[in-house]
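Chains, contacts and geometry: an overview
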Amino acid sequence: MNLLSATAAPGVAEHAEALADAACELHDAARSPDSWSEAAAEDAVEAMETTALALRGVHPAAAVATDAVFQALARLRRDLGLPAGDTRDDQDQAVTPPSPIRRRTARRGLGPGYQGVRIPQGRPRPAVGE
């Protein structure tokens, strides 16, 4: 039984493919521990955290799996001396959209002085609804 849809939402497949390609390129470029700087390592860990966050909604089991990923990445941050990442609690909270601004609608119509359509004599009048 396949739990995933046959087609992804607009942009998801393209971004996931670009992420996979970028991860392969990063793997090829970072051949040794000397290849990494603090900023590069922090960016890579943050990318992994963001990807795990995106995967949480795939399936209920994904939340359990990504919790383990977040814990491992938090340990990695500590071991590498990187600053703590953003707490997921802030990102999981529902966001309330702002209420729309209510403005008085502009008056519509043909304006002052409109006296209707005048049809010259001798011309047939159109039937109602044409």
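Read on for a plain summary of the structure. (Residues numbered from 1 in each chain as written. Predicted model: local features only at pLDDT ≥ 70, side-chain atom pairs only at ≥ 80, totals over all residues. Heavy atoms only, no water.)

Regarding the overall build of the protein
Within the protein, the secondary structure is distributed over four helices and zero strands. Along its sequence from the N terminus, the protein presents helices and strands in the succession α-α-α-α. Counting all 130 residues of the protein, 8% fall into the buried class. Of all intrachain contacts in the protein linking residues separated by at least 6 positions in sequence, the fraction that spans at least 24 positions is 49%. Put simply, the protein shows about 11,600 Å² of open surface, and 56% of that area lies on carbon and sulfur atoms. (Helix = DSSP H or I, 4+ residues; strand = E, 2+ residues; numbered from the N terminus. Buried < 20%, exposed > 50% of the residue type's maximum accessible area, 1.4 Å probe, protein only. Contact = heavy atoms within 4.5 Å. Areas by Shrake-Rupley, 256 points an atom, 1.4 Å probe, with all protein chains shown as cover.)

Concerning a negative patch on the surface
Residues Glu14, Glu17, Asp21 and Glu25 make up a contiguous surface patch of negative charge. Here Glu14 shows up in helix α1 (residues 12-29). Glu14 gets classed as exposed once you look at its relative accessible area, which sits at 52%. (Patch = residues over 30% accessible without salt bridge, like charges linked within 9 Å, V, L, I, M, F, W, Y side chains within 5 Å. Salt bridge = Lys/Arg side-chain N within 4 Å of Asp/Glu carboxyl O. Lys, Arg positive; Asp, Glu negative; His and termini not counted. Charge placed at Lys NZ, Arg CZ, Asp CG, Glu CD.)

Quick notes on the pattern of salt bridges
Here the structure, examined in full by the defined rule, presents three salt bridges. Of the charged contacts, one joins Asp28 and Arg31 as a salt bridge, the two residues approaching to 3.9 Å between their closest N and O atoms. On the accessibility criterion, Arg31 (65% relative accessible area) is exposed.

Looking at the side chain of Thr66
Mapped onto the fold, Thr66 is located in helix α3 (residues 60-80). Exposure remark for Thr66: the relative accessible area of 5% places this residue in the buried category.

Geometric descriptors of this kind do not, in isolation, establish any biological role.
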